[in-house]
Amino acid sequence: MRYLVRVEPSWEAANKLDSGPEGPGPLFGYIAQRFRPEAHYCETGKRAAWWVIDFASAEAVTEFTHLCVAKAGCQPELTAVMTGDEAARAIPAAMLAARRAP
């Protein structure tokens with residue numbers, strides 16, 4: 001399932017990440033290699049990052065959550081999303097199924 005993921009580290013964790021020789025770069029690199037995000041953005045007014053990640057399993061979501069808690073001192077915000085093509089298929093099917101409900 002594809003998620004829009006937002007991570008805003010705690011003040012202490014952000015300071016620790018920023019104080020490393022490459023800042024948060026190594027953690028971002030690990031996330032890129034391990035979870036293969038479709039997109040990655042960093043907020044300009046906060047120390048927060050966004051990814052679009054198509055997680056392979058519930059275990060992968062759980063692993064990402066534990067990574068965020070351990071390295072960023074926070075839980076990620078996960079919002080299930082779909083592409084426009086996926087929505088074009090899913091929404092009509094969902095509407096039909098909803099109409100059939102008692």
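Here, every reference points to the structure presented above.
Values in this document were obtained by computation on a predicted structure and should not be read as measured data.

Novice: When you look at helix 1 (residues 11–19) in this model, what are you seeing that I'm missing?
Specialist: Three- or four-residue spacings in an α-helix give side chains the same orientation, since the helix completes a turn every 3.6 residues. All of the buried residues in helix 1 are Ala13, Ala14 and Leu17. In an axial view of helix 1, the angular spread of the buried residues amounts to 100 degrees, which keeps them on one side of the axis. Across helix 1 from its buried face, at more than 90 degrees, point the exposed residues Trp11, Glu12, Lys16 and Ser19. Taken together, the buried residues of helix 1 touch helix 2 (25–35) and helix 3 (58–72).

Novice: Even after reading the chapter, I still don't get the sheet that holds strand 2 (residues 39–42), so can you show me in this structure?
Specialist: Paired through backbone hydrogen bonds, the strands of a sheet run either parallel or antiparallel to each other. On the basis of which strands lie adjacent, the open sheet formed by 4 strands has the order 2-3-1-4 and antiparallel pairing. Each edge of the open sheet is held by one strand with a lone partner, namely strand 2 and strand 4 (77–80). Going from strand to strand, the sheet's axes swing by 20 degrees on average, the running direction of each strand aside. Pairing of strand 2 with strand 3 (residues 49–54), which is carried by 4 bridges, proceeds in the antiparallel orientation. When the bridges of strand 3 are listed, His40 appears paired with Trp51. Packed on one face of the sheet, helix 3 meets strand 1 (2–7), strand 3 and strand 4 and runs near 5 degrees to strand 1.

Novice: How should the side chain of Arg2 be read in this particular structure?
Specialist: Its place among the elements puts Arg2 in strand 1. Side-chain polar atoms of Arg2 contact the side chain of Glu38, separated by 2.9 Å. Within polar-contact distance, the side chain of Arg2 engages the side chain of Glu86 at 2.6 Å. Here Arg2 is in contact with Glu38, Val52, Ile53, Asp54, Thr79, Ala80, Val81, Met82, Thr83 and Glu86, once residues within four sequence places are set aside.

Novice: How do you make sense of the packing of helix 2 against helix 3 when you look at a structure like this?
Specialist: Each pair of packed helices gets described by two things: the angle between the helix axes and the distance between those axes. At a minimum axis separation of 12 Å, helix 2 and helix 3 run at an interaxial angle of 175 degrees. Taken as axis vectors, helix 2 and helix 3 run roughly antiparallel relative to one another. On helix 3, the residues that touch Leu27, Tyr30, Ile31, Arg34 and Phe35 of helix 2 are Ala60, Glu63, Phe64, Leu67 and Lys71. Of the residues that constitute the contact of helix 2 with helix 3, the class distribution is 7 nonpolar, no polar and 3 charged.

Each value, and the rule that gives it
- Residues numbered from 1 in each chain as written.
- Predicted model: local features only at pLDDT ≥ 70, side-chain atom pairs only at ≥ 80, totals over all residues.
- Heavy atoms only, no water.
- Buried < 20%, exposed > 50% of the residue type's maximum accessible area, 1.4 Å probe, protein only.
- Helix = DSSP H or I, 4+ residues; strand = E, 2+ residues; numbered from the N terminus.
- Arc of directions from axis to C-beta.
- Contact = heavy atoms within 4.5 Å.
- Pairing = 2+ DSSP bridges.
- Axes fitted to C-alpha atoms, helices over the stretch in contact; angles between N-to-C directions.
- Polar contact = N/O pair within 3.5 Å; in protein donor to acceptor, adjacent residues only side chain to side chain.
- Parallel < 35°, antiparallel > 145°, perpendicular 65-115°, else oblique.
- Nonpolar A, V, L, I, M, F, W, Y, C, P; charged D, E, K, R; others polar.

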